[in-house]
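# Observations on chain architecture
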Amino acid sequence: MPVITVGRDKLFEALGKQYTDDEFQDLCFAYGVELDDVTTERQQAAKEVAGTAAEAELSNQDDDEILYKIDIPANRYDMLCLEGIARALNIFKRPKECSVTYELADMSQRQPLKLTIKPDTALVRPFMVAAVLRGIKFDATRYKSFIDLQVH
């Protein structure tokens, strides 16, 4: 099962509520996921560069975001990013308040887009899917989350 790392404060903002670590762990358990670890950016980076000069530099940083590492079931691809986790937990907590309606855009007046797969790519990836997302604004955090979703 993949372990997804999300910023606690950003997650709580998306959930619309502040939790203690124990309260959030209880929410995760009730939903069926596991809060695997609570760490900070500094601690996580120190583990990656343990014993180096960079570790001393990391200890001087003021910005130390608290990170939650959440164990996500292998079949829940929708929960592989902060937004997906928040959406799932919000629907779990308040199903009537969180209903979402998606709408397909009218593309009848636009030239259709075409996905071309080269024969050598088809040997490695015989099936391809593509989507066009319009009206999405990316900041650095949202962009990182989008890339993380694709990585997992």
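See the structure above.
What counts, and where the lines are drawn
Residues numbered from 1 in each chain as written. Predicted model: local features only at pLDDT ≥ 70, side-chain atom pairs only at ≥ 80, totals over all residues. Heavy atoms only, no water. Phe/Tyr/Trp six-rings, centres within 6.5 Å; stacked < 30°, edge-to-face > 60°. Helix = DSSP H or I, 4+ residues; strand = E, 2+ residues; numbered from the N terminus. Buried < 20%, exposed > 50% of the residue type's maximum accessible area, 1.4 Å probe, protein only. Expected span 1.5 Å × (residues − 1). Contact = heavy atoms within 4.5 Å. Arc of directions from axis to C-beta. Pairing = 2+ DSSP bridges. Axes fitted to C-alpha atoms, helices over the stretch in contact; angles between N-to-C directions.

## A closer look at the packing of aromatic side chains
With the rule as written, the count across this model stands at eight aromatic pairs. Judged by centre distance (5.8 Å) and plane angle (70 degrees), the ring pair of phenylalanine 12 and tyrosine 68 falls under edge-to-face. Residue phenylalanine 12 is found in helix 1 (residues 8–15), and its partner tyrosine 68 is found in strand 3 (residues 66–71); the two are separated by 56 residues along the sequence. On the accessibility criterion, phenylalanine 12 (1% relative accessible area) is buried.

## Examining helix 5 (residues 82–93)
With 12 residues, helix 5 extends 16 Å from end C-alpha to end C-alpha; this agrees with the ideal 16 Å at 1.5 Å per step. For helix 5, the set of buried residues is Leu82, Gly84, Ile85, Ala86, Ala88, Leu89 and Asn90. Tucked inside the fold, the buried residues of helix 5 contact strand 1 (3–7), helix 1, helix 2 (21–31), strand 3 and helix 7 (140–151).

## Description of helix 2
Here helix 2 has its buried residues at Phe24, Leu27 and Cys28. Projected down its long axis, helix 2 carries its buried residues within an arc of 100 degrees, all on one side. Away from the buried face of helix 2 by more than 90 degrees, exposed residues Asp22, Asp26 and Phe29 are located. For helix 2, the secondary structure elements touched by its buried residues are helix 1, strand 2 (34–40), strand 3 and helix 5. Just downstream of helix 2 lies glycine 32, where phi reads positive at about 110 degrees.

## Thoughts on the sheet that holds strand 2
On the basis of which strands lie adjacent, the open sheet formed by three strands has the order 1-3-2 and antiparallel pairing. The sheet is open, and its two borders are formed by strand 1 and strand 2, each paired with just one other strand. Put simply, the sheet's adjacent strands are angled 25 degrees from each other on average, direction ignored. Bridging between strand 2 and strand 3 involves six bridges; their strand directions are antiparallel. Within strand 3, the residue paired with glutamate 34 across the bridge is aspartate 71. Contacting strand 1, strand 2 and strand 3, helix 3 (residues 41–48) crosses the sheet at an angle of about 85 degrees to strand 2.

## Considering the side chain of serine 145
For serine 145, the position within the fold is in helix 7. Since its relative accessible area comes to 10%, serine 145 is described here as buried. Ignoring anything within four residues of it in the chain, the contact list for serine 145 reads Cys81, Leu82 and Glu83.

## Observations regarding the pairing of strand 3
Moving residue by residue along a regular strand, the side chains alternate between the two faces of the sheet. The element strand 3 is extensively covered by neighbouring structure, given that five of its six residues are classed as buried. The pairing of strand 1 with strand 3 spans five bridges and is antiparallel. The residue of strand 3 that forms the bridge with isoleucine 4 is isoleucine 70.

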